[in-house]
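Structural characterization, general
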Amino acid sequence: MSQGFEPLLSALNALAGGLFLLSAFGMVATRQVLGCLRFFIAQSLLLAASAFLLGAAPLSAHLIAVGLLTIITKSWLLPWLLRRMVRQEVYTRREITQAVNIPSSLLIALGLVLGAYFLSAPWLPAGAAAGAGFVRINLPIGLAGLLLGAYTLAVRREALPQLLGLLAMENGAFFAGIAVAPGLSLIAELAVAFDVLVLAFVLGVLTRMIHERTGSTEVGRLAALKEEPFR
Amino acid sequence: MILIAILALPLLAAAVCGLSGSERWSPRVTLLAALANLLLAGEVALRAAGGETIVALPHWIAADGLSALIALLITAVGTSAALFSWGYMAHSTQKPRALRLYYVNFNLFLFAMLAVPLLAEPNLVWIAVELTTLFSVLLVSFADTHDALEAAWKYAVLTLSGAAIALFGFLLLFWAWQTAGGGPYSWATLRAAAGAMPPRLLQAAFLLILVGFGAKVGLVPLHTWLPDAHSQAPTPVCALLSGVETSAVLYVILRLLPLLGPASQGRAWALAFGLLSAGVASFLLLRVRDYKRLFAFSTVEQMGIVLAAAGLGSGAASYAALLQIVAHALGKSFCFYAAGSAALLSGTTEIAGVRGLLRSSPLGGIALLLGGLTIAGAPPLALFLSEFSILKAGLSGGQYLAVALLTLFIAVAFFGILRHILPMVFGKPLPQSVNRKLPRSVVLTLLLAALPLFVLGVYLPEQLSALLRVAAAALTHLAR
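Structure report, in brief. (Residues numbered from 1 in each chain as written. Chains lettered and ligands numbered in written order. Predicted model: local features only at pLDDT ≥ 70, side-chain atom pairs only at ≥ 80, totals over all residues. Heavy atoms only, no water.)

1. Notes on the environment of Gly-21 of chain B
Residues and elements named next belong to chain B. Tracing the backbone shows Gly-21 in the loop between helix H1 (2-19) and helix H2 (25-49). With a relative accessible area of 65%, Gly-21 lands in the exposed category. For the pair Gly-21 and Ile-70, spaced 49 residues apart in the sequence, the C-alpha separation amounts to 34 Å. (Helix = DSSP H or I, 4+ residues; strand = E, 2+ residues; numbered from the N terminus. Buried < 20%, exposed > 50% of the residue type's maximum accessible area, 1.4 Å probe, protein only.)

The structure is reproduced here in structure tokens:
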């Protein structure tokens, strides 16, 4: 039975992958903090969708559990936690001064995606081993997600988009992970879910402290610590 | 059981510190738990030195020689840092709530660091490394000043994004492992199956983890956060961050080296990365203005030396690299205790603000001088012996270029460190120095932490060298 469904699942998974990548682009390009959070939630839901599709045939309770865990922690608990910890006015803020303007940012992001495809090409399995089709979709897109998250981190100057870029990097790693390492122990998955929440909590506290101390969450402006230049 | 006790004690201490009504108990409970853990880790190390692997939960929690060595160092520096905190932190803050949170985080941080060597499942080790960052971020930001917050944010963002890159590597590693047959997943089974795993995946995984966790070890070019965080944190935390946290993460990279076969480029990368870090840091040392930053840059240099030594590849070089980890953990933590004392005495961490410390406080002056000499690698102190062994191992392996570069960097760092330290100790005292008395626990820490620096410079106890031999054997590739 599972044989007949595989092309359909594969196609749907490719769609989820495409949208996953699109949401990563969205995080690079939106100026508003709230928009960035929305794109992150969408990305997490697409990660979960891909886990469900991968776990559908042959049926894998493990991957379904991973998908559910992702939805609960990343698209529900995490935004709730961040909303509680960081003041509302931060979310409506718009970043006017990004390090790189948005059109060139998108071009660089495009370059990163191409780079991810070339980089991951030698790792891809040859032939038609079980699950190889999924790996061919998820591995390059996951790597691209990782790189785009890192790029978001590098160009954004506000605290929350940087935090979301960090989490997007992890999303990218897991997007590849659900395909290449589906046998990961459930203990590890649970620990990761816990870890994501601790991360959001700690950086949320830190963001609040920065806000109270400097009157702004623009962490890109924090640049007092450095060495004396050579004379 | 003993391993579970080692992991449980800091958690218990954190709970007691968090829940108890009175702040007076926090430093005592923390010190007591750290001391008990030191004894337990010593017992584990003694058993591991005999070649035994101590197992608590098969494939989940286990300690061989290498793990026991790192755990022992963490508990040793944890104990001295807890003792130092007692007197020092009471001077740093008047707010009881902040102090309580400090001790809760301190114990959680110790727990996360101990989990890194004692967990045997690599994916869980990744989480433990991530937790070491998360539990220490709020320690770095403890002072709640503009600078401390900047340092904490950079620390969190750079090391956590490094961890995400390493995560990709760990997932590839797990994939390679499953391709080779799978089964129970642990460092030991992974090493036994190394020959059967696809080399291309293995190399990619290694490189991603080297770069990702390299950010946390402080390897150039991702070292930029390290001098900030390691100088802004409260001094006992600096001792933990610089002395053992970096080594605990480097331990994970070392665990991967034996997976790579002789045909792989992995060791060459490790050597190149190590040399680059040692070189850049030794020159950056020359132009610091803050003496805590001076010691932090020296950590980057030392980690580079250890990684380069491990990259040399021979058994003697692995042994010397581990000896260097031991000497650095003890020496660098002592440096920060001396720096913290100097800061208490003078009220500043600017190099230019401290002059003639020896005259205003003989103990503080001698401690700073000893710290500087130790970490610069002067004979007959602990780091001289280990750096000498590394150079000797490189020479007997015929890696002359690497040895020449290492010698140059060590010499530059030696000059750089002493150029800053000597005037601080001997110069003419400044008129406006504060001159406070050092708290008793600080004095006691300085005396106790100085002992091993002298001992390890001239004499290596038989049990320790047995442990180092067992641990170094874990770094060699198993031929199939």
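Having seen it, we continue.
2. Quick look at the environment of Leu-11 of chain B
Residues and elements named next belong to chain B. Here Leu-11 is to be found in helix H1. When the C-alpha positions of Leu-11 and Ala-33 are compared, they lie 9.5 Å apart, and in sequence the two are 22 residues distant. In this structure, Leu-11 is in contact with Leu-108 and Phe-111, ignoring residues within four places of it in sequence. (Contact = heavy atoms within 4.5 Å.)

3. As for helix H6 (residues 146-179) of chain B
Residue and element names in this part refer to chain B. Relative to the 50 Å expected for 34 residues at 1.5 Å per residue, H6 spans 50 Å between its end C-alpha atoms, a close match to the ideal helical length. The buried fraction of H6 amounts to 27 of the 34 residues, a majority that puts the element mostly inside the structure. Of the residues flanking the end of H6, it is Gly-181, one or two places downstream, whose phi is positive at about 130°. (Expected span 1.5 Å × (residues − 1).)

4. Description of the interface of chain A and chain B
Taken residue by residue, the interface counts 52 residues in chain A and 47 residues in chain B. Summing both sides of the interface, chain A and chain B together bury roughly 4,400 Å²; the carbon and sulfur share of this comes to 76%. Counting across the interface, chain A meets chain B through 1 salt bridge. Across the pair Asp-144 of chain B and Arg-213 of chain A runs a salt bridge, and its minimum N-O distance is 3.3 Å. Elements with a contribution of two residues or more to the side of chain A that touches chain B: helix H6 (132-155), helix H7 (159-180) and helix H8 (186-214) of chain A. Residues of the side of chain A that touches chain B, tallied by class, amount to 38 nonpolar, 8 polar and 6 charged. (Buried area = accessible area lost by both parts, 1.4 Å probe. Salt bridge = Lys/Arg side-chain N within 4 Å of Asp/Glu carboxyl O. Nonpolar A, V, L, I, M, F, W, Y, C, P; charged D, E, K, R; others polar.)

5. Some words on empty space enclosed by the protein
Residues and elements named next belong to chain A. Using the criterion set out here, one finds 7 cavities of 30 Å³ or more in the structure. The computed volume of the largest cavity comes to approximately 160 Å³. Contributing to the lining of the largest cavity are 14 residues, with Val-66, Thr-70, Lys-74, Glu-189 and Val-192 lying nearest its centre. Counting residues per element, the ones that place at least two in the lining of the largest cavity are helix H2 (33-54), helix H3 (61-85), H7 and H8. Within the lining of the largest cavity, the residues separate by chemical class into 10 nonpolar, 2 polar and 2 charged. (1 Å grid on protein atoms, 1.4 Å probe; cavity = no way out; pocket = protein on both sides within 12 Å on 5 of 7 lines; lining within 4 Å. Points joined across faces, edges and corners; volume = space filled by probe spheres on them.)

6. Section: the state of the cysteines
Residue and element names in this part refer to chain B. A complete count under the given rule lists 0 disulfides over all chains for this structure. Free cysteine Cys-238: the closest other cysteine sulfur is in Cys-335, separated by 12 Å. Take Cys-238: its relative accessible area is 0%, and that puts it in the buried class. (Disulfide = S-S within 2.5 Å.)

7. Describing the side chain of Thr-79 of chain B
Of note, Thr-79 of chain B is situated in helix H3 (residues 65-92). For Thr-79 of chain B, the contacting residues outside a window of four places in its chain are Leu-31, Ala-34, Leu-35 and Leu-38 of chain B.

8. Some remarks on the packing of aromatic side chains
Residue and element names in this part refer to chain B. The final tally for this structure, using the stated rule, is 13 aromatic pairs over all chains. Following the ring pairs from residue to residue traces out a cluster consisting of Tyr-102, Tyr-103, Phe-106 and Phe-142. Across the ring face of Trp-25, the terminal group of Arg-28 is positioned such that the distance to the ring centre comes to 5.8 Å. (Phe/Tyr/Trp six-rings, centres within 6.5 Å; stacked < 30°, edge-to-face > 60°. Lys NZ or Arg CZ within 6 Å of the ring centre and 35° of its normal.)

9. A short note on the nonpolar core
Ranked by size, the top nonpolar core spans 276 residues in total, and within it Trp-123 of chain A together with Phe-168, Leu-172, Phe-213 and Leu-322 of chain B carry the most contacts. A total of 21 residues in this core trace back to one element, the largest contributor, which is H6 of chain B. Ignoring anything within four residues of it in the chain, the contact list for Leu-172 of chain B reads Trp-123 and Leu-139 of chain A together with Leu-201, Ala-204, Ala-205 and Leu-208 of chain B. (Core = buried A, V, L, I, M, F, W, Y, C linked by side-chain atoms within 4.5 Å.)

10. Topic: the pairing of strand E1 (residues 54-57) of chain B
Residue and element names in this part refer to chain B. Here E1 runs beside strand E2 (residues 61-63); their pairing, made up of 3 bridges, is antiparallel. Note that in E2 the partner of Val-55 across the bridge is Ala-62. Once E1 ends, the chain turns through 3 residues before running back antiparallel as E2, passing His-59 with a positive phi of about 70°. (Pairing = 2+ DSSP bridges.)

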